[in-house]
Amino acid sequence: MRLVLFGPPGAGKGTQATALSERYGIPHISTGDIFRANVGNDTELGREAKQYMDRGDLVPDEVVIAMVDERLGQDDAGDGFLLDGYPRTLAQVEALDKTVAQHGSQLDGVIRLLVDDEELMSRLLRRAEEQGRSDDTREVIASRIETYKDETEPTVAQYRERGILYDVDGEGDVDEVRSRVLDAAARAGAEAS
Ligand code: AP5
């Protein structure tokens, strides 16, 4: 299975990724997690990405695309993957199409989590208290939501046109959302085969 988990900051992409990744035995590839690991290790990539992340802006396409291409070329992603937080721009959509086609395959489904703005803000402010992630301040969260609406959300039209977009209500208990996400993935798998 080749899946994308799509949705605004705080929609629950990371939370729901574990069940999907376990169900299909595919690696969970989160661009945000890769950047945070690099920030933590103070690598050159981490230092560059941090400037953008701390403002709630997107890291430039060329940096992200090269990083994901490299990751998708690793052995564990050969038979499938779950991308979380990628693609987020039209250039990333096109780059992913190209990479997947080079591997002789195609995306099976894009699962979009739908959550109201107020709920997103309250989830991320709660996480700020629990974990202190540096981009979880009220101002940066608002900017991340804005960036999602301006740059990322419009790209979903591409997937809708291809008939591989699965919208899922991302509100309610984590367990309830999980079962909706797993249902959506099962439909994607059935329609792809
Ligand atoms: P990234 O780490 O991807 O952040 P994000 O998209 O803002 O997403 P979050 O991790 O905040 O939210 P999530 O949807 O994963 O929700 P989660 O499960 O954590 O990216 C960070 C930055 O990196 C970007 O701003 C950008 O700068 C850069 N970047 C990354 N990818 C890039 C790309 N492709 N191109 C360019 N730049 C890129 O849940 C959030 C909270 O809600 C948690 O506390 C969780 O416990 C809680 N929660 C989850 N589900 C529920 C529920 N059902 N009910 C109540 N609470 C819930």
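Keep in mind it's a predicted model, so treat the numbers as computed, not measured.

About the thresholds
- Residues numbered from 1 in each chain as written.
- Predicted model: local features only at pLDDT ≥ 70, side-chain atom pairs only at ≥ 80, totals over all residues.
- Heavy atoms only, no water.
- Near = heavy atom within 4 Å.
- Polar contact = N/O pair within 3.5 Å; in protein donor to acceptor, adjacent residues only side chain to side chain.
- Areas by Shrake-Rupley, 256 points an atom, 1.4 Å probe, with all protein chains shown as cover.
- 1 Å grid on protein atoms, 1.4 Å probe; cavity = no way out; pocket = protein on both sides within 12 Å on 5 of 7 lines; lining within 4 Å.
- Sits in = over half its atoms within 2 Å of the grid points.
- Helix = DSSP H or I, 4+ residues; strand = E, 2+ residues; numbered from the N terminus.
- Nonpolar A, V, L, I, M, F, W, Y, C, P; charged D, E, K, R; others polar.
- Expected span 1.5 Å × (residues − 1).
- Buried < 20%, exposed > 50% of the residue type's maximum accessible area, 1.4 Å probe, protein only.
- Arc of directions from axis to C-beta.
- Contact = heavy atoms within 4.5 Å.
- Pairing = 2+ DSSP bridges.
- Axes fitted to C-alpha atoms, helices over the stretch in contact; angles between N-to-C directions.
- Core = buried A, V, L, I, M, F, W, Y, C linked by side-chain atoms within 4.5 Å.
- Parallel < 35°, antiparallel > 145°, perpendicular 65-115°, else oblique.
- Left-handed = near helix turned anticlockwise from the far one by under 90°.

Asker: So what exactly am I meant to see when it comes to the site of the ligand here?
Answerer: The ligand sits among 31 residues. The nearest are Thr 15, Thr 31, Asp 57, Arg 88 and Arg 144. Within the backbone of Gly 14, a nitrogen or oxygen atom sits 2.9 Å from an oxygen atom of the ligand. Between the ligand and Arg 36, the relevant distance is 2.8 Å, taken from an oxygen atom to a side-chain nitrogen or oxygen of the residue. In the complex, the protein chains occlude 89% of the 1000 Å² of accessible area that the ligand would expose alone. According to the grid-proximity analysis, the pocket containing the ligand is the largest pocket. Only α1 (13-24), α2 (31-40), α6 (117-131) and α9 (174-192) provide two or more residues apiece to the shell around the ligand. The biggest single contributor to the shell around the ligand is α2, with 4 residues. Residue composition of the shell around the ligand, grouped by class: 12 nonpolar, 10 polar and 9 charged.

Asker: Can you help me understand α9 in this one?
Answerer: An α-helix turns once per 3.6 residues; consequently, residues spaced three or four apart project the same way. The end-to-end C-alpha distance of α9 is 27 Å, a good match for the 27 Å that 19 residues give at a rise of 1.5 Å each. Residues of α9 that are buried include every one of Val 177, Val 181, Leu 182, Ala 184, Ala 185, Ala 188 and Gly 189, and no others. One side of α9 carries all its buried residues, which in axial view fall inside an arc of 160°. The exposed residues of α9 that point more than 90 degrees off its buried face are Asp 175, Ala 190 and Glu 191. Where α9 is buried, its residues contact β1 (2-6), α1, β4 (109-114) and β5 (165-169).

Asker: What is the right way to read the sheet that holds strand β3 (residues 81-84) from this model?
Answerer: The strands that make up a sheet pair up through hydrogen bonds in the backbone, lying either parallel or antiparallel. Here 5 strands make up an open sheet; going across it, the order is β2-β3-β1-β4-β5 and the pairing parallel. In the strand order of this sheet, the two ends are held by β2 (28-30) and β5, each with one partner. Averaged over neighbouring strand pairs, the angle between their axes works out to 20° when direction is ignored. Together, β1, β4 and β5 form the strand contacts of α9, whose direction differs from that of β5 by roughly 165°.

Asker: Help me understand the nonpolar core, please; the structure alone is not making it clear to me.
Answerer: Generally speaking, a soluble globular protein has its nonpolar side chains buried in company with each other. Counting residues in each nonpolar core, the largest one holds 28 residues, and the members touching the most others are Leu 83 and Leu 96. Those elements that provide at least two residues to this core are β1, α3 (44-53), α4 (61-72), β3, α5 (90-102) and α8 (156-162). Per element, the largest residue contribution to this core is 6 residues, and it comes from α4. Counting residues in each nonpolar core, the second largest holds 25 residues, with Ala 17, Ala 19, Ile 26 and Ile 145 among its members.

Asker: I keep staring at the packing of α6 against helix α7 (residues 138-152) and nothing clicks. Help me out?
Answerer: Helices that pack against each other are described as a pair by the angle of their axes relative to one another and the distance between those axes. Viewed as axis vectors pointing N to C, α6 and α7 meet at an angle of 140°, and their least axial separation amounts to 10 Å. Viewed along their axes, α6 and α7 adopt a mutual orientation that is oblique. For the pair α6 and α7, the crossing hand works out as right-handed. Taking contact as the criterion, the partners of Asp 117, Leu 120, Met 121, Leu 124, Leu 125 and Arg 127 in α6 are, on α7, Arg 138, Ile 141, Ala 142, Arg 144, Ile 145 and Lys 149. For the contact of α6 with α7, the residue count by class is 7 nonpolar, no polar and 5 charged.

Asker: How should I be thinking about the side chain of Thr 31 in this particular structure?
Answerer: Assignment of secondary structure puts Thr 31 in helix α2. Judged by relative accessible area, which is 3%, Thr 31 ranks as buried. With residues near it in sequence (within four places) discarded, Thr 31 still touches Val 64, Met 67, Val 68, Asp 84, Gly 85, Tyr 86 and Arg 88.

Asker: Just checking my understanding: could you explain the pairing of β4 for this structure?
Answerer: On any regular strand, side chains alternate: one points to one face of the sheet, the next to the other face. Taking burial as the measure, the 6 residues of β4 include 5 buried ones, the bulk of the element. One ladder, built from 5 bridges, connects β4 with β5; its direction is parallel. Within β5, the position partnered with Arg 112 by the bridge is Asp 167.

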